[in-house]
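One-letter residues, chain by chain:
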Amino acid sequence: MTRIRWFGTNWKMNKSPQTAREWTTAVGTYMAEMPADQRLFVMPPYPLLPQILQDTKGTGLIVGAQNCHWVTSGAFTGEVSPQLLKEIGAHNVLLGHAERRKQFGETDEMIGRKASAALRVGLGVVLCIGEDASIKDDPATTRSFLEKQLSIALGDIPALAPEQLVVAYEPVWAIGVGADPPAVYEVAEQLRVIRHVVDQIVNEHVPIVYGGSVTLENGPSLLTETVADGLFIGRHALDPAMFIRIIQTAL
Ligand code: PEP
């Protein structure tokens, strides 16, 4: 069976309509020649979703939101419902990113409600999990922490369509400016644990991607020396040429 490789990026609160178009044009050129066993996804800020969905129609680029609520509509100022994302044509949604957990107080239970709601309206979900620096060197604690994040987030999900769910292992200590890029040995075991736990919870094969300071240098080993099915790339994928180089070098 062909092993599908996943490469994605979350733009966070970055880019304008103009720089978004430059990115999608460059990535679209790569995708026109891309082998069928690759999947690329991008999560722009909400207001850029219609433009990007329109500009990339037919390319195969998976375009998603960076968050959603768990309720369909109502008095939730500033929130966006999974139903609306589905109706405007978004393909998936990122849930549980470490910044949402830390800066906006999202709990495992909230993320579980969001995952359930998004999957039920037919959106794909990229679910982020990961431990922080305080437990990283304690394998048993890290293992039970990751198990708990997964079991709560996936505790009430419906039957999945193929490729509807992706789990992103993003250790908090490895994410963002100032973080040390991880050594492969530091994340390989956790990826195995996650593979095992996800296989016990979900019947469908769920791809697992690694994210956190992925670079041109460490991308190949993070992909080929672990059980990861792909890479989730943050700041180094804002430049489309670098995003494409990281993909090509890692494969
Ligand atoms: C992230 O924050 O999800 C991420 C992967 O960022 P970076 O690659 O910049 O560490």
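Owing to the predicted nature of the structure, the values given are computational and were not obtained by experimental measurement.

J.: A description of the overall build of the protein chain should follow, citing residues and the corresponding values.
T.: A count of helices and strands for the protein chain gives nine helices and eight strands. The globule rule puts the C-alpha radius of gyration for 251 residues at 18 Å, and the 17 Å found for the protein chain is close to it. Overall, the C-alpha framework of the protein chain stretches about 45 × 45 × 40 Å when taken along its three principal axes. When the 251 residues of the protein chain are sorted by exposure, 53% land in the buried category. Once local pairs closer than 6 in sequence are excluded, the contacts in the protein chain between residues at least 24 apart make up 70%. Of the roughly 11300 Å² that the protein chain leaves accessible, carbon and sulfur atoms contribute 54%.

J.: Explain the site of the ligand to me, and be specific about the residues and the numbers.
T.: Taken together, K12, H97, E170, A174, I175, G176, G212, S213, F232, G234 and R235 are the residues near the ligand. Note that an oxygen atom of the ligand is positioned 2.5 Å from one of the side-chain N or O atoms of K12. Contact with the protein chains hides 98% of the accessible area of the ligand, taken as 290 Å² for the molecule alone. Considering only residue class, the shell around the ligand consists of three nonpolar, five polar and three charged.

J.: Residues and numbers for the packing of helix α1 (residues 17-32) against helix α9 (residues 240-250), please.
T.: Direction vectors running N to C along α1 and α9 enclose 30°, while the axes themselves pass 9 Å from each other. As summarised for this structure, α1 and α9 are arranged roughly parallel, according to the angle between their axes. Pair α1 / α9 crosses with right-handed handedness. Here α1 contributes E22, W23, A26, V27 and Y30 to the contact with α9, which in turn contributes P240, F243, I244, I247 and Q248. Classifying every residue of the contact of α1 with α9 by side-chain character gives eight nonpolar, one polar and one charged.

J.: Describe the confidence of the model for the protein chain, and please don't skip the residues or the numbers.
T.: Across the protein chain, pLDDT averages 96, with 100% of residues at or above 70. Model confidence for the complex is summarised by a pTM of 0.97, with the ipTM given as 0.98.

J.: A description of the packing of aromatic side chains should follow, citing residues and the corresponding values.
T.: Counted according to the given criterion, the structure contains five aromatic pairs. Summarising the aromatic geometry, the rings of Y169 and Y210 are spaced 6.1 Å apart at their centres and angled 65° between planes, so their arrangement reads as edge-to-face. Here Y169 is found in strand β6 (residues 165-169), whereas its partner Y210 is found in strand β7 (residues 208-211), with 41 residues between them in sequence. Note on accessibility: Y169 and Y210 belong to one class, buried. Pairwise contacts between aromatic rings join W6, F41 and F232 into one cluster. Positioned above the aromatic ring of W173, the side-chain terminus of K136 is 4.6 Å from the ring centre.

How each quantity is defined
In this numbering scheme, every chain counts its residues from 1 along its sequence in written order. For this predicted model, a pLDDT threshold of at least 70 governs which residues receive local features, and a threshold of 80 or more governs which side-chain atom pairs are given and counted, while totals over whole chains, interfaces and linings are taken from all residues. In computing side-chain values, all of the structure's heavy atoms are included and hydrogens and water are not. A helix here means a DSSP run of H or I that spans at least four residues, while a strand means a run of E at least two residues long, and both kinds are numbered starting from the N terminus. Each radius of gyration reported is based on C-alpha atoms, and the globular scaling rule is 2.2 Å times the count of residues to the power 0.38. Burial classes: relative accessible area under 20% of the type maximum marks a residue as buried, over 50% as exposed, and values in between as partly exposed (1.4 Å probe, protein chains only). Contacts were defined at the residue level, with two residues in contact if any of their heavy atoms lie within 4.5 Å. Shrake-Rupley sampling with a 1.4 Å probe provides the accessible areas, and residues are treated as covered by the protein chains on show and by no other component. To be near a molecule or strand, a residue needs just one of its heavy atoms within 4 Å of it. Polar contacts here mean pairs of N or O atoms no more than 3.5 Å apart (in protein, one a potential hydrogen donor and the other a potential acceptor; neighbouring residues in sequence count only if both atoms are side-chain atoms). Think of it as three bins: nonpolar holds Ala, Val, Leu, Ile, Met, Phe, Trp, Tyr, Cys and Pro, charged holds Asp, Glu, Lys and Arg, and polar takes everything else, Gly as well. Note on geometry: axes are lines fitted to C-alpha atoms, helical ones only across the stretch in contact, with angles between N-to-C directions running from 0 to 180 degrees. An angle counts as roughly parallel when it lies under 35 degrees, as roughly antiparallel when it exceeds 145, as roughly perpendicular when it falls between 65 and 115, and as oblique in every other case. In this scheme the handedness of a crossing depends on how the near helix is turned from the far one: anticlockwise by less than a right angle means left-handed, clockwise means right-handed. Per-residue confidence from the predictor is given as pLDDT, running between 0 and 100. Each aromatic pair joins two rings of Phe, Tyr and Trp (for Trp, the six-membered one) with centres within 6.5 Å, and gets the label stacked for planes under 30 degrees apart, edge-to-face for over 60, and tilted for any other angle. Geometrically, a charge over a ring is one whose NZ (Lys) or CZ (Arg) sits within 6 Å of the ring centre while staying within 35 degrees of the ring normal.

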